[in-house]
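Here is how the chains run, residue by residue.
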Amino acid sequence: MSRRIVIAGASMGGLRAAEQLRAAGWEEEIVVVGDEIHPPYNRPPLSKDLLAAPGSQEEALAAVQLRQRRTATDIQWRLGSAVAAADLAARTLTLDSGEELAYDGLVIATGLRPRRVPVPGPTAGRHVIRRLEDTLALHSELTSRSKVAVIGAGFIGCEAAATAAALGCKVTLIEGAGGPMERPLGHELSAGIRTFLQTHGIDCVAGKRVNEFLDVPGTYTEGAGRCAGVRLEDGTEVAADVVIEAVGSLPNVEWLAGNGLDLSDGVLCNEHLQVLGAEHVVAVGDVARYPDRRAGGPARRVEHWATPADTAKIAAPALVAGLKGDVVPEPAAPLPSFWTDIFKTRIQGVGSPALADTIEVLEGDPSRPWEGTALAYYRDGRLIGAVTAALLADRQLHYRKLVNESGIPAGADLAAV
Amino acid sequence: MKTIDVDRTLCDNHGQCAIAAPDVFRMNADGELEYEATFDDALLDVVEEAIDVCPVQAIFLKD
Ligand SMILES: Cc1cc2nc3c(=O)[nH]c(=O)nc-3n(C[C@H](O)[C@H](O)[C@H](O)COP(=O)(O)OP(=O)(O)OC[C@H]3O[C@@H](n4cnc5c(N)ncnc54)[C@H](O)[C@@H]3O)c2cc1C
Ligand code: SF4
């Protein structure tokens, strides 16, 4: 009987895993189970170009659908079907339909879902951005007269604020604890990005938490009704027709409960992306927490677009080798990379700038990032990351090379878990 | 030999392809993409990587 690898999650991580399983020589069954009804699609445009002009649902999907490698043949897609539970010892999954699905190898690719702002108030008019439907629903409420409040100033919050402002909306960005993209990029560049957002008419509110969602008078009954803005901790009210919550994400791991795994922040893996405590299970993409062999430090999740492909390239050969009884190949140590686009200005990063203890300006002026700047990020005296803003790709590649050449620290694989 | 085509209306000069397959894709000093339209079959793997890492899916493989 033919053996089967099941991939849970049918987004970019699931797609790249399927492709890499075939590339690693797996010729038996591959079944991908995903709860979204769409084939895998690209998420970055959801807060950028696609939010500005999605067209119809068909047009939007066509614009972002991911192409599948032609060499990745014979993959069974079970879309619109969620994995409800897993019994890793028995190697079976239970789908939301009640169906049991047995497997020989399992790939966890269930990604993240947006965290919500946990304060009381009405729900209508409040949005998150993760799925195609989210972007379509948000776009349909944005007009050039809309007042928009964005809560959270990470990548997605800043991008959504910029997109809404470019559509003519009046935007307030409620930053929360850190400044715009401060956690990954550092204080100086963050301050420059705030100036950039302000120059484009965005009202940035620093250092205040949201205490309550306001309701349109007369519509609020027991959590129903339409949101009319937010009240901040100091009592200030920010009126808004549309509220966007961009306060981070939660890993989709509930279906793995009861198997003795470490699910405290995604699913804990070793450097081969093999799940600790579970044979023949690997994880890829945003949900995987794995040792950062370059920057050192504890295992962590890397929520970047490049992660699904990077992790699939390590996880797939490890899973196939395990199932075939072969030696698991030495894992690569991919260099993380990310980008964001704000008002047509591209900010690109490599390595792990968020882990830096020292930041140095390499060129330009970070307080005016739109004019072109580059920064180096060090940890314990070693270059672990670089970020460029509004620089041409060849400069970015140059800095990437520097970070790449700074190498993997000795004993990094031991620093793991 | 195999052939590729980059859709210039999509390409955003991200430069990711030049990292994956430097023998085929380069970013010039103006920050723009230059590439070899045909490449040796031995490079198919790295070209597929380049196709994967292009954030806007601008690279197409032709037979
Ligand atoms: C709006 C937005 C903009 C972004 N912009 C950028 C950017 O500019 N640059 C950058 O580097 N990165 C960006 N990213 C990050 C990047 O898109 C993610 O890192 C990437 O999507 C991760 O892919 P994944 O497959 O691991 O997870 P996901 O894309 O989250 O996919 C997981 C899939 O599994 C499904 N699933 C969950 N639970 C179950 C279950 N129990 N059963 C079945 N299926 C399930 C989910 O519905 C989903 O389809 C952005 C992300 C978002 C949301
Ligand atoms: S990765 Fe894509 S967008 Fe970037 S330069 Fe290459 S083809 Fe253009």
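Predicted model, so just to flag it, every value in this text is computed and none were measured.

Points about the interface of chain B and chain A
Line of reasoning, step 1. Tallying the contact residues gives 26 residues for chain B and 21 residues for chain A.
Line of reasoning, step 2. Taken over both partners, the interface formed by chain B and chain A buries close to 2,000 Å², and the fraction arising from carbon and sulfur atoms is 42%.
Line of reasoning, step 3. Looking at the side of chain B facing chain A, the largest losses of area belong to B:His14, B:Asp52 and B:Gln57, adding up to 32% of the total buried there.
Line of reasoning, step 4. Taken together, chain B and chain A are joined by six salt bridges.
Line of reasoning, step 5. The partner of A:Arg16 in a salt bridge is B:Asp52, and the shortest N-O contact between them spans 3.8 Å.

Comments concerning the domain arrangement of chain A
Residues and elements named next belong to chain A.
Line of reasoning, step 1. Once the domains are mapped, chain A shows domain 1 (4–46 + 66–113 + 249–324), domain 2 (116–245) and domain 3 (337–405).
Line of reasoning, step 2. Roughly 1,500 Å² is buried in total at the junction of domain 2 and domain 3, and carbon and sulfur atoms are behind 79% of that figure.
Line of reasoning, step 3. For the domain 2 face of the interface with domain 3, the top three residues by lost area are Leu-185, Leu-189 and Phe-196, together amounting to 36%.
Line of reasoning, step 4. Across the domain 2-domain 3 interface, the total number found is zero salt bridges.
Line of reasoning, step 5. Across the domain 2-domain 3 interface, the total number found is two residue pairs in polar contact (both at pLDDT 80 or more).

Examining the site of ligand 1
All names here are of chain A.
Line of reasoning, step 1. Surrounding ligand 1, one finds 34 residues, the nearest of these being Gly-13, Asp-35, Glu-36, Arg-43 and Lys-48.
Line of reasoning, step 2. Contacts to ligand 1 include Arg-43, whose side-chain N or O atom sits 2.6 Å from an oxygen atom.
Line of reasoning, step 3. Contact distances for ligand 1 include 3.1 Å between an oxygen atom and a backbone N or O atom of Trp-305.
Line of reasoning, step 4. In the complex, the protein chains occlude 95% of the 1,000 Å² of accessible area that ligand 1 would expose alone.
Line of reasoning, step 5. The set of elements that each furnish at least two residues to the shell around ligand 1 consists of α1 (12–23), β2 (29–34), α5 (155–166) and β22 (337–342).
Line of reasoning, step 6. Broken down by class, the residue content of the shell around ligand 1 amounts to 14 nonpolar, eleven polar and nine charged.

What counts and how
In this convention, every chain numbers its residues from 1, walking through the sequence in written order. For this description, chains carry letters from A and ligands carry numbers from 1, given in the order in which they are written. Local features in this predicted model are restricted to residues of pLDDT 70 or higher, and side-chain atom pairs are both shown and tallied only at a pLDDT of 80 or more, whereas totals for entire chains, interfaces and linings draw on every residue. Heavy atoms throughout the structure, all of them, feed into the side-chain values; hydrogens and water do not. Contacts between residues were defined by any pair of non-hydrogen atoms, one from each residue, lying within 4.5 Å. Throughout, buried area stands for the accessible area (probe radius 1.4 Å) lost by two parts on being put together, summed over both. The salt bridge definition used is simple: a Lys or Arg side-chain nitrogen within 4 Å of an Asp or Glu carboxyl oxygen. What counts as a domain boundary in this text is fixed by an automatic or database domain assignment. Contacts described as polar in this section are N or O atom pairs within 3.5 Å, which, within protein, must combine one atom able to donate a hydrogen with one able to accept it, while residues neighboring in sequence count only if both atoms come from side chains. The criterion for a residue being near a molecule or strand is simple. One of its heavy atoms has to lie within 4 Å of it. Each accessible area is a Shrake-Rupley result for a 1.4 Å probe, and residues are judged covered by the shown protein chains and nothing else. Helix numbering and strand numbering both begin at the N terminus, where a helix is a DSSP run of H or I of at least 4 residues and a strand a DSSP run of E of at least 2. Three classes are used: nonpolar for Ala, Val, Leu, Ile, Met, Phe, Trp, Tyr, Cys and Pro, charged for Asp, Glu, Lys and Arg, and polar for all others, with Gly counted as polar.

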